[in-house]
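Letter by letter, the chains look like this.
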Amino acid sequence: MNDEKLLSWQDIKNDFSGSGILLGNGFSCAVWGKFQYPSLYEKACVASEHPLSKEDQDLFKALETKNFEKVLLALSTARMINKLLDKDYSVIKERYESIKSALGYAVRSVHIPWKNATESGVLNNIRRELLNYKFVYSTNYDLLIYWAVMSESDGDGFKDYFFQTKANNYFDITNTEIHGDATKILYLHGGLHLDRSTSGQTIKRKQEENTNLLDSFGKGWSGGTVPLLIAEGDAKDKLKSIYSSDYLSFAYAQFAQHKGALVVFEHSLGDSEQHIVDAIKRAKPSPIAISISRNKSPEEIIHIKAELHKKLDEASKLVFFDAETHPLG
């Protein structure tokens, strides 16, 4: 704990074969540097195209949030009620469309394009590595994992608890048993490919013909669905959003019950992720391998190791490894 030494992933990987892996924002940043933006809300406020207007920003302030899902869901519900009461809802619709467009543009401006991801071969590499784990937990809402899973064999080898229907895949809390040997994926903070209806149902969107999910994001929502993603807020706010969704609360509960070893890859486990730290402490996985970038100074590495020992030492045995030595690094 008191030194800057980091193990190589090759030295410890056998101890984590078939374990779980928790992926943080650093995983996405290793693929695409633009994922390092500080805030999706702030990005949408200053975007060169379709920025959040003053009226839009006032709504976020009134609802005391920077979470797009919460604001869009409130507008969607308000529009539905006004329509049922035969009241004018044109202003509500205008704000809904404005915020939807701002979110869509902000996401597309920072996300790796589909063409770049496919031509680089990175998706196939990610897919092959994730197949080594029993569980994949992610707090990222970008499309990298989804694209990687679907890059070969139509997703064969992975299960995400969304089962096929004629129209879309949807999550059914009464049907979560997975048979057979597969890598199970849980999106702890939602994702760009997940929508939430006003009735509370979580739907996994399908790729439309002649387009991809990123290009269509923010363009095709009706008044009955909003994107299910937690992009902003402190740990308390994030937990409220998690508990308001059947899928997210299920995913969080599964993570908090994880058994066996766990790899924490490029995840800060900072103050805004205290709910993730609490879930790890409840699950008590052991051992836990935590990645740290070798680009940090020796003093920084020592400090990070000491802080993580304070947060997690009661729960599990901790080992620290060089992030760049891992296949996902």
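Placed above this text is the structure.
Keep in mind it's a predicted model, so treat the numbers as computed, not measured.

Colleague: Quick one: what's the story with the side chain of N67, residue by residue and with numbers?
Modeller: By the element assignment, N67 lies in the loop between α4 (54-62) and α5 (68-84). Of the polar contacts made by the side chain of N67, one reaches the backbone nitrogen of E69; its length is 3.0 Å.

Colleague: Quick rundown of the pattern of salt bridges? Include the residues and the values.
Modeller: Tallied over the entire structure, the rule returns 13 salt bridges. Here K54 makes a salt bridge to D58, at a shortest N to O gap of 3.1 Å. Taken together, the residues K54 and D58, both in helix α4 and four residues apart, mark about one turn of the helix. Residue class for D58 comes out partly exposed when judged on its relative accessible area of 32%. The residue R128 makes a salt bridge to E152 at a minimum N-O spacing of 3.9 Å. Here R128 is found in helix α8 (residues 122-130), whereas its partner E152 is found in the loop between α9 (144-149) and β3 (158-159), with 24 residues between them in sequence.

Colleague: Could you give an account of the packing of α5 against helix α6 (residues 90-110), naming the residues involved and the relevant values?
Modeller: Running from amino to carboxyl end, α5 crosses α6 at an angle of 155°, the nearest separation of the two axes being 9 Å. Overall, the two elements α5 and α6 adopt an arrangement that is roughly antiparallel. The way α5 lies across α6 gives a crossing that is left-handed. Touching F68, V71, L72, L75, S76, A78, R79 and N82 of α5 are I92, K93, R95, Y96, E97, I99, K100 and L103, all from α6. Class assignment of the residues belonging to the contact of α5 with α6 gives a composition of nine nonpolar, two polar and five charged.

Colleague: Please provide a residue-by-residue account of unusual backbone geometry, values included.
Modeller: In this structure, the amide linkage connecting S286 to the following residue, P287, adopts the cis form with an omega of -5°. Positive phi is not limited to glycine here, since Y161 has a value of about 75°.

Colleague: Please provide a residue-by-residue account of a nonpolar patch on the surface, values included.
Modeller: On the surface, a cluster of nonpolar side chains totalling about 420 Å² of accessible area is made up of M80, I81, L84 and L85. Locating L85 in the fold gives a position in the loop between α5 and α6.

Colleague: Describe the pairing of strand β1 (residues 20-23), with residues and values.
Modeller: Where burial is concerned, the two faces of β1 agree: the one with G20 and L22 and the one with I21 and L23 are both buried. Bridge count for β1 against strand β10 (residues 262-265) is four bridges, and the pairing is parallel. The residue bridging I21 from the neighbouring strand is V263, located in β10.

Thresholds applied
- Residues numbered from 1 in each chain as written.
- Predicted model: local features only at pLDDT ≥ 70, side-chain atom pairs only at ≥ 80, totals over all residues.
- Heavy atoms only, no water.
- Helix = DSSP H or I, 4+ residues; strand = E, 2+ residues; numbered from the N terminus.
- Polar contact = N/O pair within 3.5 Å; in protein donor to acceptor, adjacent residues only side chain to side chain.
- Salt bridge = Lys/Arg side-chain N within 4 Å of Asp/Glu carboxyl O.
- Buried < 20%, exposed > 50% of the residue type's maximum accessible area, 1.4 Å probe, protein only.
- Axes fitted to C-alpha atoms, helices over the stretch in contact; angles between N-to-C directions.
- Parallel < 35°, antiparallel > 145°, perpendicular 65-115°, else oblique.
- Left-handed = near helix turned anticlockwise from the far one by under 90°.
- Contact = heavy atoms within 4.5 Å.
- Nonpolar A, V, L, I, M, F, W, Y, C, P; charged D, E, K, R; others polar.
- Patch = residues over 30% accessible without salt bridge, like charges linked within 9 Å, V, L, I, M, F, W, Y side chains within 5 Å.
- Areas by Shrake-Rupley, 256 points an atom, 1.4 Å probe, with all protein chains shown as cover.
- Pairing = 2+ DSSP bridges.

Any link to function would need more than the numbers given here.
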